[in-house]
Amino acid sequence: MKICAIRDEYHPELGAIGYLFYYDNSKRFYIEISDGLDYWTAPPIIDSFVKKKQNYVDSKWSIAWVRQRIIPPDRQNIGAILKAQGMKEYNEYNLLVFSDGRCAQDECMVEEIHEDDLPDEIKKRMQYRVKAVFALPQNKLLVYFRDSSSVVCDVKQIVANERQFAPVLNSKEIFQKVMVSEGGYGVRWGSDVEIPDYMLKAHPVDHTINFDELQLVIEQNLYDTSQTMERLHCTRQNIDDLVKRGKLPVVKTSAKNKLFLRSDVEERLW
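No experiment lies behind these values; they were computed from the predicted model shown. (Residues numbered from 1 in each chain as written. Predicted model: local features only at pLDDT ≥ 70, side-chain atom pairs only at ≥ 80, totals over all residues. Heavy atoms only, no water.)

Would you explain the overall build of the protein chain in this entry?
What the protein chain contains, in helices and strands, is 13 helices and 14 strands. Relative to the globule expectation of 18 Å for 270 residues, the C-alpha radius of gyration of the protein chain, 20 Å, shows essentially globular dimensions. Expressed as lengths along the three principal axes of its C-alpha atoms, the size of the protein chain is roughly 60 × 45 × 40 Å. The buried share of the protein chain, reckoned over its 270 residues, is 44%. (Helix = DSSP H or I, 4+ residues; strand = E, 2+ residues; numbered from the N terminus. Rg over C-alpha atoms; globule rule 2.2 N^0.38 Å. Buried < 20%, exposed > 50% of the residue type's maximum accessible area, 1.4 Å probe, protein only.)

How do you make sense of helix H2 (residues 59-67) when you look at a structure like this?
An α-helix turns once per 3.6 residues; consequently, residues spaced three or four apart project the same way. The set of residues buried in H2 consists of Ser59, Ser62, Ile63, Trp65 and Val66. Buried residues of H2, seen end-on, are gathered within an arc of 155° and therefore sit on one face of the element. If you check the start of H2, you find a side-chain oxygen 3.3 Å away from the backbone N of Lys60, and it comes from Asp58. (Arc of directions from axis to C-beta. Polar contact = N/O pair within 3.5 Å; in protein donor to acceptor, adjacent residues only side chain to side chain.)

Can you help me understand the nonpolar core in this one?
Side chains of nonpolar character tend, in soluble globular proteins, to be buried together. The biggest cluster of nonpolar side chains holds 36 residues, and the ones touching the most others in it are Tyr19, Leu141, Val143, Val187, Trp189, Ile195 and Leu200. Ranked by residues supplied to this core, first place goes to strand E2 (residues 16-23) with 4 residues. For Trp189, the contacting residues outside a window of four places in its chain are Leu141, Val155, Phe165, Val168, Ile174, Phe175, Lys177, Val178 and Ile195. Among the nonpolar cores identified, the runner-up in size contains 28 residues, and Cys4, Tyr22, Phe49 and Leu95 belong to it. (Core = buried A, V, L, I, M, F, W, Y, C linked by side-chain atoms within 4.5 Å. Contact = heavy atoms within 4.5 Å.)

Help me understand the pattern of salt bridges in this model?
When the charged atoms of two side chains lie near each other, side chains of opposite charge can form a pair. Under the criterion given, the structure shown has 18 salt bridges. Where Arg67 meets Glu92, a salt bridge forms, and the shortest distance between an N and an O atom there is 2.7 Å. Of this pair, Arg67 sits in helix H2 while Glu92 is found in helix H4 (residues 92-98), placing the two residues 25 residues apart along the sequence. Judged by its relative accessible area of 16%, Glu92 falls in the buried class. Among the ionic pairs, Arg188 bridges to Glu182, the shortest N-O distance being 2.8 Å. On the basis of relative accessibility, which here comes to 10%, the residue Arg188 falls in the buried class. One network of salt bridges, with partners in common, ties together Glu32, Asp35, Arg125, Arg129 and Asp197. (Salt bridge = Lys/Arg side-chain N within 4 Å of Asp/Glu carboxyl O.)

I'm lost on the side chain of Gln54 in this one. Help?
Here Gln54 is to be found in the loop between helix H1 (46-51) and strand E4 (56-57). A polar contact of 3.0 Å, which involves the side chain of Gln54, links it to the side chain of Tyr198. Other than its neighbours up to four places away in sequence, Gln54 contacts Ile33, Phe49 and Tyr198.

Below, the structure is given as structure tokens:
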């Protein structure tokens, strides 16, 4: 993960307008909006989320914000442009940082920072993001958050008649492939169908997990060492190293095998 502070170049006294998070492996962006940013000060795209009183910009609009500030991939002589900048391939984050994120539409710029330099308000938010998600029958999800709270949601109630969710709701096989969005910003199917965390919290249903559902959750969401190696494209030695360094929690260990939660394994792919 890489992070940039978003600043107003001509009004540094305002501090950071927000923080851009980039997840290297999946190449997804999210923008955290600073507390206290008002609608009239916020730049385009971010301002619409401020108006709705949302404290972050989803992946779809975060990448749109980035793309309006960088050279498009279909630009003539793009290969020569990348070579002149010392880049071997087109990478939206690298291009953004190279240009300091400046564009003609606003006065914003970006500055790379370390995760430790994030303000406490942003670090606190991250503690309430999604930790794990489990598919249940009848288009329901069991969602756990990083603060140890949980909720059962009916996806049909949340997405109503949104067309992009039709394949998810009409296929048990696709529905069961739900995963946690990078950073815990919600849950998603593929790259474009996503439900943000605040909508999951806002639509709980009264539901008691029965034994069959519990068995389904266990079967679908435990990876053994071999499955984990296959998912992460690594060796058993790599898995052991991740466990030793505390980067991959173990659910259960036996003499010849280890069990891991699917959500913990998927997090290594961010």
